Amino acid sequence: MITVLLVDDEELIRAGLRAIIDSEPDLSVVGEAGDGAEVAPMVARLRPDVVLMDVRMPAVDGIAATRHLLETFAEPPKILVVTTFENDDYVYDALRVGASGFLLKRTRPDDIIKAIRLVATGDSLLFPAAIRSLAAAHGSGKSTQGLAAAGLTEREAEVLRLMATGLSNGEIGEKLFVSLQTVKTHVGNVLAKLGARDRTQAVITAYESGFITPA
């Protein structure tokens, strides 16, 4: 069972998301919050696997709430920010501070379910094309020394490039003719060397450093 915490200042949005999520046998909404200020205590009590976090809220927004969760908990939940516009600066800022992906409020119910499951497993990138677009809009090549200093091996660099295209661990293994366990080891090494919490942060670092150039 994948447990979900809903955070949105609009009760109607929360009700709609709850109906969609609770209709699935492997998903369950364990709590709701109306503002980012309520999130940390609820996470401590409920220990959800995934938080759906509205990016814009009146008191504490989704960016600040995401940052606080990642600073507070040794094993924080995966965070999906929910927004109206995918090119919103708030979305990119939320991804940079640690969110694992984002959803548009107009996303179809089936895609919301898929996104929650994907983020919960963490073995591929959610909406890679959108993340590439965000990276392009916010500029690349900001810190070219950062990735070089990480000391990635040639194979780890290759895995990072494939991660950025949205391939899963299994798909990367097939492309490189290596086992799934080998891919998981390479991915773990990439995340550790970049100081990234998950694939999303690793890929953003790759774009911002100029290691990968958005098409």
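Use the structure listed above.
One structure accompanies this document, and this report is about it. Quantities reported herein were computed from a predicted structural model and do not represent experimental measurements.

**A closer look at the environment of valine 203**
- Along the chain, the position of valine 203 falls in helix α11 (residues 199–208).
- For valine 203, a relative accessible area of 0% gives the class buried.
- Here the alpha-carbon distance between valine 203 and alanine 135, two residues 68 residues apart in the chain, equals 9.4 Å.
- Residues in contact with valine 203, not counting those within four places in the same chain, are Leu125, Ile131, Leu160, Met163 and Ala164.

**Some points on empty space enclosed by the protein**
- Using the criterion set out here, one finds one cavity of 30 Å³ or more in the structure.
- In this structure, the largest cavity encloses a volume near 30 Å³.
- Lining the largest cavity, in full, are Leu6, Val7, Asp8, Arg14, Leu17, Leu52, Met53, Asp54 and Val82.
- Elements with a contribution of two residues or more to the lining of the largest cavity: β1 (2–7), α1 (11–22) and β3 (50–54).
- In terms of residue count, the dominant contributor to the lining of the largest cavity is β3 (three residues).
- Its residues assigned to classes, the lining of the largest cavity comprises six nonpolar, no polar and three charged.

**Description of the packing of helix α8 (residues 154–164) against α11**
- At a minimum axis separation of 10 Å, α8 and α11 run at an interaxial angle of 105°. Viewed along their axes, α8 and α11 adopt a mutual orientation that is roughly perpendicular. On α11, the residues that touch Leu160, Met163 and Ala164 of α8 are Arg199, Ala202, Val203, Ala206 and Tyr207.
- Its residues assigned to classes, the contact of α8 with α11 comprises seven nonpolar, no polar and one charged.

Parameters at a glance
Residues numbered from 1 in each chain as written. Predicted model: local features only at pLDDT ≥ 70, side-chain atom pairs only at ≥ 80, totals over all residues. Heavy atoms only, no water. Helix = DSSP H or I, 4+ residues; strand = E, 2+ residues; numbered from the N terminus. Buried < 20%, exposed > 50% of the residue type's maximum accessible area, 1.4 Å probe, protein only. Contact = heavy atoms within 4.5 Å. 1 Å grid on protein atoms, 1.4 Å probe; cavity = no way out; pocket = protein on both sides within 12 Å on 5 of 7 lines; lining within 4 Å. Points joined across faces, edges and corners; volume = space filled by probe spheres on them. Nonpolar A, V, L, I, M, F, W, Y, C, P; charged D, E, K, R; others polar. Axes fitted to C-alpha atoms, helices over the stretch in contact; angles between N-to-C directions. Parallel < 35°, antiparallel > 145°, perpendicular 65-115°, else oblique.

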